[in-house]
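Below are the chains, spelled out letter by letter.
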Amino acid sequence: MLTRAIEAQWATEAILLGFDPKRNHPIEVPWSTVPGRSGTVGERSGTLTDLPALLDEDGTRTIMVVGRPESGKTSSTIYMLLSLLRRSRAVDDGPAPVPVIVPLCNWDPDEPLEDWLASQLAEQHTWLKAPEYGKDMPKRLVSEKLILPILDALDEIPGQLPRAWDGKAHDHAERERRREEEAVRQRRSVLSQIATGGVNLPGLILSSREAEFHQAAQGVVRQRDTVVVSLSGLGPEDIIRYIGENADNPDAEPWAAVLDSVRPGTALASALSTPLLLSLVTKVHGVESDRSDPRALLAFGDVDSLRENILLNFAPTRFKEQIGTSERKVGKLRRAEAMRWLATLSGRSATAPRPPIAWWEFSLLVRKPTRIAAGALGALLPLISVGLGIGGLLDRTGIPPAAAYPIGGVLSSPLAIALGYFAYKNDPPPPSELMVQISRDRWKSALKSALFVYAVAALVCSVAFGPKTGLPLALAFAIPVGSIYAFTTPDALPRATTPQSLLKRDFRVGYVFALAYGAPCLIVGVLIAEHTWMGIVFGVTAGLAGGLLYGLPWLLALQGGKAGAAAFVHYGMALALLALDGRLPWRTMAFLEEAHTHGILRLQAGGTYAWRHASIASSIPRWHDRRAPVPREPRGGIEEPEPPGVIGPSDAAT
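Described in the following lines is the structure provided in the data block. (Residues numbered from 1 in each chain as written. Predicted model: local features only at pLDDT ≥ 70, side-chain atom pairs only at ≥ 80, totals over all residues. Heavy atoms only, no water.)

Inspection of the entire model under this criterion finds 9 aromatic pairs. Here a set of aromatic residues connected by ring pairs shows up, and it is made of Trp359, Trp360, Phe362 and Tyr571. Seen from the ring of Tyr424, Arg371 lies directly overhead, with NZ or CZ sitting 5.1 Å from the centre. (Phe/Tyr/Trp six-rings, centres within 6.5 Å; stacked < 30°, edge-to-face > 60°. Lys NZ or Arg CZ within 6 Å of the ring centre and 35° of its normal.)

With that out of the way, let us pick up the nonpolar core. Within the largest apolar cluster, 141 residues are counted, with the highest numbers of intra-cluster contacts made by Leu151, Leu206, Leu342 and Trp611. The biggest single contributor to this core is helix α21 (residues 567-580), with 8 residues. Leu388, Ala457, Cys461 and Ala542 belong to the second largest nonpolar core, which has 18 residues in total. (Core = buried A, V, L, I, M, F, W, Y, C linked by side-chain atoms within 4.5 Å. Buried < 20%, exposed > 50% of the residue type's maximum accessible area, 1.4 Å probe, protein only. Helix = DSSP H or I, 4+ residues; strand = E, 2+ residues; numbered from the N terminus.)

Once that is clear, we can look at the pattern of salt bridges. With the rule as written, the count across this model stands at 12 salt bridges. In this structure, Glu181 and Arg177 form a salt bridge, with 2.4 Å as the shortest nitrogen-oxygen distance. Highlighted residues: Glu181 and Arg177, both in helix α5 (residues 172-195), separated by 4 residues, approximately one helical turn. The exposure class of Glu181 is partly exposed, given its relative accessible area of 42%. Under the relative-accessibility criterion, Arg177 is labelled partly exposed at 41%. (Salt bridge = Lys/Arg side-chain N within 4 Å of Asp/Glu carboxyl O.)

On to unusual backbone geometry, then. If you check the backbone angles, Asp136 has positive phi at about 55° while not being a glycine. Following the sequence through the fold, Asp136 ends up in the loop between α3 (113-124) and α4 (137-143). Even without being glycine, Lys145 reaches a positive phi, approximately 60°. Residue position: Lys145 is located in the loop between α4 and β5 (147-152). By relative accessible area, Lys145 is classed as partly exposed at 38%.

A few words now on the packing of helix α14 (residues 367-396) against helix α15 (residues 401-425). At a minimum axis distance of 6 Å, the contact between α14 and α15 shows a crossing angle of 150°. Between α14 and α15, the interaxial angle falls into the category roughly antiparallel. Considering how the two elements wind past one another, α14 and α15 form a crossing that is right-handed. Looking at the contact of α14 with α15, its residues break down into 19 nonpolar, 10 polar and 4 charged. (Axes fitted to C-alpha atoms, helices over the stretch in contact; angles between N-to-C directions. Parallel < 35°, antiparallel > 145°, perpendicular 65-115°, else oblique. Left-handed = near helix turned anticlockwise from the far one by under 90°. Nonpolar A, V, L, I, M, F, W, Y, C, P; charged D, E, K, R; others polar.)

Our focus in this paragraph is the sheet that holds β5. Pairing within the open sheet is mixed, and its 7 strands lie in the order β2-β1-β7-β3-β6-β5-β4. Only two strands of the sheet have a single neighbouring strand rather than two, namely β2 (45-46) and β4 (98-103). In this structure, strand β1 (residues 31-33) lies alongside β2, joined through 2 bridges in antiparallel fashion. Its bridge partner lying in β2, Ser32 is registered against Ser45. Across the sheet, helix α6 (residues 210-217) lies against β3 (62-67), β6 (204-209) and β7 (226-231), angled at about 115° from β6, the strand it touches most. (Pairing = 2+ DSSP bridges. Contact = heavy atoms within 4.5 Å.)

The next subject is helix α13 (residues 335-346). Its 12 residues give α13 an end-to-end C-alpha distance of 16 Å, which sits within 8% of 16 Å, the value for a rise of 1.5 Å per residue. Buried within α13 we find Arg335, Ala336, Glu337, Ala338, Met339, Trp341, Leu342, Thr344, Leu345 and Ser346. Each element contacted by the buried residues of α13 is listed here: α12 (325-329), α22 (588-597), β13 (608-611) and α23 (614-622). (Expected span 1.5 Å × (residues − 1).)

Within β5, 6 of the 6 residues are buried, which leaves the element mostly enclosed by the surrounding structure. Neither face of β5 is left uncovered, since the one carrying Ile147, Pro149 and Leu151 and the one carrying Leu148, Ile150 and Asp152 both have all their residues buried. Across 2 bridges, β5 lies against β6 in parallel orientation. Bridged to Ile150 within β6 is Ile205.

See the structure below:
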């Protein structure tokens, strides 16, 4: 089941990134083993399709793929994952290890590698934590050597400074120096655990930028079962072959002129020698682009301006300059809008090459107002609901309403203050892992939960109304509240996690809990309150507190760090503020998926997006700079078109 879920996700991603061998021709990235780090395979070279075969050859258990920026490292790891999945299905002698891509940007230096892998597996595939699969299934899969981790981007491990540095004024240069030292130390820790046998795995694949890898590998013991391969640049023949197989109308005059100009030593051949730029150029100058004539590439005589032009034009040419009403209704965006909103997201890339883009963390973009709103919500809802509930009970005991309800407010204020404080202080939580699942196997748990709730509710209601009324009234609490806790379990459906499915599940859990708390409180509130409207307010606020907040159970367990507003609440608050300010669209999820479909973003395991590459992310803000790169050294003797420049904001209707 895990194999099918992983393959479903990454096969789709490979198609969007343009290297699925079933649908198109992958870029055959050349590689060669690194001298002194070639393990038992010795000096070897090959192309992308040869790379998976290195694993297990001559006892090789670990492959480390290194290369320069834009050299195709992540694409190579995805290709290897799909190849290993196909190979595992052909194994007949028992279960084969399942390859799983794990981004190292989430690395926790306080955890041993195996424990961290198990926690990442549980986060990526939350259904593995369902009771149906037994206790600690992610940890058992790792310990039983059924997971082959593909650790992506060693260079993206962030250097986490000690807490003593938080909130203190330090020289910026000194902070950056210390952060980089810490990042190198943490990267070396990962390599050391792999090299010294500190991990018990059936194999391992790791990718990294070349310079960062060699810096971290200094002093780490070299192992005979580990081979390091370095990705090389593409040659003119590779470029011509790929464009001929993947470009729109490659035999037509525009592309033929470009292909004739791809010669060794030229700016065109040098710029397109990286897999990223080569894959982008066929999109920038595709038939659906408004810059479909690739002869514009011939106007650039130096590598830097040509590379800059391709990167700057990739994202804007994925969106139309104008769209119709029907397209607008399904969430399509105009170029100017899309680029403005992509710029909001790319601003988050200042401190890391490729940070995850998670919808539940959007409130961090407007942290102060959402923090205040979450704190107010966390304080007011329990203050009103618990205060009215206590006041109503005191009213039934004979205390005058004018005194009963103020006393209820006073007694509820410690809970309200505590929950409001933690809702203000805590970062947004991840989406709920729960789903409401009614099954025969859960009835015993439901009965136990209902009996406990009934006992507490019966005691309170009997004191307030007397046993004759209180005992049956307690059922109004026991049945919905007890059942909801029994029937909410981790989602056991083995499927690829998407941002959209996480949002739907989180919202569904919220309204189910809102009904479970709100319905019985509404019934009891109408019966006990002095005025009907007070009972309605009690029921509604109790329902909202149950659906929008994580609260009382965590506070009672002395785990205030887990209390606060739900993930979808943080998303809603952030969306309102960012959309009103024009920084994100109201239909943000549709926008993110469109950017993903166009290859600007890619989907990561665990239901988050990431930039396809840091170069694309950093080019988004520069699109708003009207100055276009111009040719510096036009080649004499060739009639070339004028420099195309960059599609700037003025070219799109506003």
